[in-house]
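Report on the structure
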Amino acid sequence: MQRTERLFALAEYLRGRRTGVTAEVLAERFGVTVRTIYRDLDTLRAASLPVGAERGRGGGYALDRSYSLPPVNFTAREAALVVALGRFAIDMRLLPFTGTLESALDKVRSALSTSAQRELLARLRELTFLGVPSLPTRKGVRESLERAWFERQPMRITYVDGNFLETVREVRIESVVMDRHETRLDAVDLASGERRHFRLDRITRAEVLG
């Protein structure tokens, strides 16, 4: 994630949580150091975003409560269902685009008042997801896949087949196939022109071309 993208995502994350969150939690959420989070928070303040620090239980960094929210009105019930479905998709690995989905859920939460957010959290704690999640995949691979698919760009992948043979291929994605336990890329091998499926969990590296 580029710094500009992280700053925007950080602002959305804070808007989605009107109560405080620590720098350590933010650092883990965005995969950076605590020192980087401090610099990012200073940058947001310099951009006139009212980021403050709350002390005590439940304290941490938060936006000023008077900061205006986006013009979206969800009831706690509506938001709970949307967020629950999103969490289920993330926990079960139904979609490879988890980063973008997390950002979308932050925006849903940001449209709620503090009291509605508390009600949302209470409802979510009463939901239990059962089932076997899809096979795990690498974060960097998922991010490259998302960019290549949405931007219609080819990508270079390092793939390990069922015989543990590693090859490097340049492919163009035609579609993304999501089965119950695995995600596959329906793609064209640019070198051979052949169309075939690649299991996402067997891609060890990926980069967008162009």
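Labelled according to an unreviewed UniProt entry, the chain appears under the name HTH domain-containing protein, originating from Corallococcus terminator.

Moving on to the side chain of Thr98. Position of Thr98 relative to the elements: it lies in helix α5 (residues 98-110). By relative accessible area, Thr98 is classed as buried at 19%.

Turning our eyes to something else, we now look at a nonpolar patch on the surface. Residues Leu94, Leu95 and Met178 make up a contiguous nonpolar surface patch of about 220 Å² in total accessible area. One can find Leu94 in the loop between α4 (76-91) and α5. Overall, Leu94 belongs to the partly exposed group, its relative accessible area being 32%.

Right, let's talk about the pattern of salt bridges for a bit. Scanning the model with the defined rule gives 16 salt bridges in all. Here Glu102 and Arg87 are joined by a salt bridge, their closest N and O atoms 3.0 Å apart. Taken as a pair, Glu102 in helix α5 and Arg87 in helix α4 lie far apart in primary sequence, 15 residues in all. For Arg87, a relative accessible area of 25% gives the class partly exposed. With a shortest N-O distance of 3.7 Å, Arg184 and Asp179 are connected by a salt bridge.

Bridge count between strand β5 (residues 183-189) and strand β6 (residues 195-199): 5 bridges; the pairing is antiparallel. When the sheet's bridge partners are listed, Val188 is paired in β6 with Arg195. Connecting β5 to the next strand, β6, in antiparallel fashion are 5 residues, including Gly193 with a positive phi near 80°.

Quick look at the UniProt feature "domain: WYL" (unreviewed entry) in the chain now. Residues annotated by UniProt as "domain: WYL" (unreviewed entry) correspond here to residues 143-208. Helix makes up 14% of residues 143-208 and strand 56%, and the two end C-alpha atoms of the span are 10 Å apart.

Let's shift gears to the sheet that holds strand β3 (residues 155-160). The strand order across the open sheet formed by 5 strands is β6-β5-β4-β3-β7, and the pairing between neighbours is antiparallel. Of all strands in the sheet, those with a lone pairing partner are β6 and β7 (203-208), marking the two edges. Each strand of the sheet is rotated relative to its neighbour by a mean of 45°, with strand direction disregarded. Pairing analysis gives 5 bridges linking β3 to β7, with the strands arranged antiparallel. Pairing of Met155 across the sheet is with Val208, part of β7. Helix α7 (residues 139-151) contacts β3, β4 (166-178), β5 and β7 of the sheet and is inclined by roughly 40° relative to β7.

Cut-offs used in this document
- Residues numbered from 1 in each chain as written.
- Predicted model: local features only at pLDDT ≥ 70, side-chain atom pairs only at ≥ 80, totals over all residues.
- Heavy atoms only, no water.
- Helix = DSSP H or I, 4+ residues; strand = E, 2+ residues; numbered from the N terminus.
- Buried < 20%, exposed > 50% of the residue type's maximum accessible area, 1.4 Å probe, protein only.
- Patch = residues over 30% accessible without salt bridge, like charges linked within 9 Å, V, L, I, M, F, W, Y side chains within 5 Å.
- Areas by Shrake-Rupley, 256 points an atom, 1.4 Å probe, with all protein chains shown as cover.
- Salt bridge = Lys/Arg side-chain N within 4 Å of Asp/Glu carboxyl O.
- Pairing = 2+ DSSP bridges.
- UniProt positions renumbered as here; feature names shortened; annotations may be inferred.
- Axes fitted to C-alpha atoms, helices over the stretch in contact; angles between N-to-C directions.
- Contact = heavy atoms within 4.5 Å.

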